[in-house]
Amino acid sequence: MTARSALVTGGTRGIGRGIAERFLSEGYRVVINGTRPQEAVADVVAQMSQLGSVTYVPADIGDSGHRDRLIEETLSTVGRLDVLVNNAGITSPGRKDMLEATEEDLDVVLAVNLKGPFLITQGVAKHMIEERKADREFRGRIVNVTSISATVATTNRAEYCISKAGLSMTTKLWATRLAAYGIDVFEVRPGVIRTDMTAPAAEKYDRLIEDGLTLERRMGTPDDVAEVVSVLAAGKVPYSTGQVLTVDGGLTVARL
Ligand code: NAD
């Protein structure tokens, strides 16, 4: 039997790297992408290669030509794609108060965090539908990495919150459209995870967590999220397409 395969966008660092490495350790053939040229990520890719078969494609998911090339190169590398993880994302530029955020800020964040995953899913879904028509046993799985910002308002990251709320609905839409083809679509919604993205605010988060922000008193790790994505990709959460798995240490549990 051929190894399962996965495309993890933004897999060179942070949560995406955690997910990609988890898949590699489980024997998947993995494709990752990012905005940096091949040479700039050679060391990271070499380290990841020690775990298994990984291919890096330089491609900006906010750019339509790059997206098409990413899908083509992924399919020509793995042949059949079993799993797509829409992980790549950016925070709001400069974390400006929403009274100061610009139209350009909104365009950039929505292009990467919302339009990119929607259109990559569309391209991959067409391939998965063909696989399903050829093989009734084929089960495609798609996971969108959103954020608690899909429901928690932060006024200096309005573009980010809007993009993640949109990606949350995108999950429900694709789950609805693709269910007939046996393709499950899930949303994984992380809380505060220790990565380069949260590094500038890590001290603030550590203090808030000490004061009770989360039920589990620590920041999350990429491995926490990777574990959940791995379980979903393996089909171990059956009869649940379209659902949200929140990985936030209890941050969003309402308390009195
Ligand atoms: P990160 O900044 O450490 O890594 C992001 C990755 O995405 C990088 O590999 C980067 O190269 C890639 N990327 C960024 N823009 C891209 C583009 N235009 N095209 C292709 N690749 C691009 O971030 P992270 O903390 O690992 O976050 C990963 C995902 O998880 C994001 O979608 C983020 O919104 C989400 N998330 C993170 C947290 C957190 O606390 N870190 C919480 C909730 C959700």
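This text goes with the structure placed above it.
Per chain, residues are indexed from 1 in the order of the written sequence. Reporting of local features is limited, given that this is a predicted model, to residues whose pLDDT is at least 70; pairs of side-chain atoms are given and counted only at 80 or more, and all residues count toward the totals for whole chains, interfaces and linings. Note that the side-chain values use all heavy atoms of the structure and ignore hydrogens as well as water.

Draft legend 1. Structural context of the overall build of the chain. Regarding its fold elements, the chain presents 7 helices and 7 strands. The secondary structure listing takes helices from DSSP runs of H or I that are at least 4 residues long and strands from runs of E that are at least 2 residues long, numbered from the N terminus. When the helices and strands of the chain are placed in sequence order, the string is β-α-β-α-β-α-β-α-β-α-β-α-α-β. Only C-alpha atoms enter the radius of gyration, while the globule expectation follows 2.2 Å times N to the 0.38, with N the number of residues. Against the 2.2 N^0.38 benchmark of 18 Å for 256 residues, the chain shows a C-alpha radius of gyration of 18 Å, consistent with a compact globule. Expressed along its principal axes, the backbone C-alpha trace of the chain runs to roughly 50 × 40 × 35 Å. Note on classification: 1.4 Å probe, protein chains only; a residue is buried when its accessible area is under 20% of the maximum for its type, exposed when over 50%, partly exposed between these limits. Looking at the chain as a whole, 47% of its 256 residues are labelled buried. Taken as a whole, the chain presents about 12,400 Å² of accessible surface, with 53% of it coming from carbon and sulfur. Within this scheme the basic residues Lys and Arg register as positive and the acidic residues Asp and Glu register as negative, but His and the chain ends are omitted. The location of each charge is read from NZ of Lys, CZ of Arg, CG of Asp or CD of Glu. Positive and negative side-chain charges in the chain, numbering 30 and 33 respectively, have mean positions lying 5 Å apart. To measure how exposed things are, a 1.4 Å probe is used in the Shrake-Rupley method; for residues, cover is taken only from the protein chains shown.

Draft legend 2. Structural context of the site of the ligand. Any residue with a heavy atom positioned within 4 Å of a molecule or strand is treated as near that molecule or strand. Around the ligand lies a shell of 29 residues, among which Arg13, Asp60, Asn87, Tyr160 and Thr195 are the nearest. Side-chain atoms alone can form a polar contact between residues adjacent in sequence; in general such a contact is a pair of N or O atoms within 3.5 Å, and within protein one must be able to donate a hydrogen while the other accepts it. Here an oxygen atom of the ligand sits 2.5 Å away from a polar atom, N or O, in the side chain of tyrosine 160. The separation between an oxygen atom of the ligand and a polar main-chain atom of glycine 191 is 3.4 Å. Surface burial for the ligand is 94%, taken as the share of its 820 Å² of free accessible area covered by protein chains. Here a cavity means grid points, on a 1 Å grid over the protein atoms only, where a 1.4 Å probe fits yet cannot get out; a pocket means an open set of points with protein on both sides within 12 Å along at least five of seven lines; lining residues are those with an atom within 4 Å of a point. If over half the atoms of a molecule are within 2 Å of the grid points of a cavity or pocket, the molecule is regarded as sitting in it. Using a 2 Å cut-off from the grid points, one finds that the ligand occupies the largest pocket. Mapped onto the shell around the ligand, the elements with two or more residues apiece are helix 1 (14–25), strand 2 (29–34) and helix 5 (158–178). All amino acids are sorted into three groups, where Ala, Val, Leu, Ile, Met, Phe, Trp, Tyr, Cys and Pro are nonpolar, Asp, Glu, Lys and Arg are charged, and the leftover types, Gly among them, are polar. Classifying every residue of the shell around the ligand gives 12 nonpolar, 13 polar and 4 charged.

Draft legend 3. Main features of the pairing of strand 6 (residues 184–190). Within strand 6, 7 of the 7 residues are buried, leaving the element largely enclosed by the surrounding structure. Burial of strand 6 is two-sided: the residues Asp184, Phe186, Val188 and Pro190 facing one way and the residues Val185, Glu187 and Arg189 facing the other way are all buried. Note that strand 5 (residues 141–145) and strand 6 share 5 bridges and pair parallel. Bridged to asparagine 144 within strand 6 is glutamate 187. For the crossover from strand 5 across helix 5 to strand 6, the handedness is right-handed. A pair of strands is considered paired only if DSSP assigns at least 2 bridges between the two. Two elements, strand 6 and strand 7 (residues 244–247), share 4 bridges in a ladder whose sense is parallel. For valine 188, the partnering residue across the bridge sits in strand 7 and is leucine 245. If the strands point away from the viewer and the path from the first strand over the helix to the second runs clockwise, then the crossover is right-handed.

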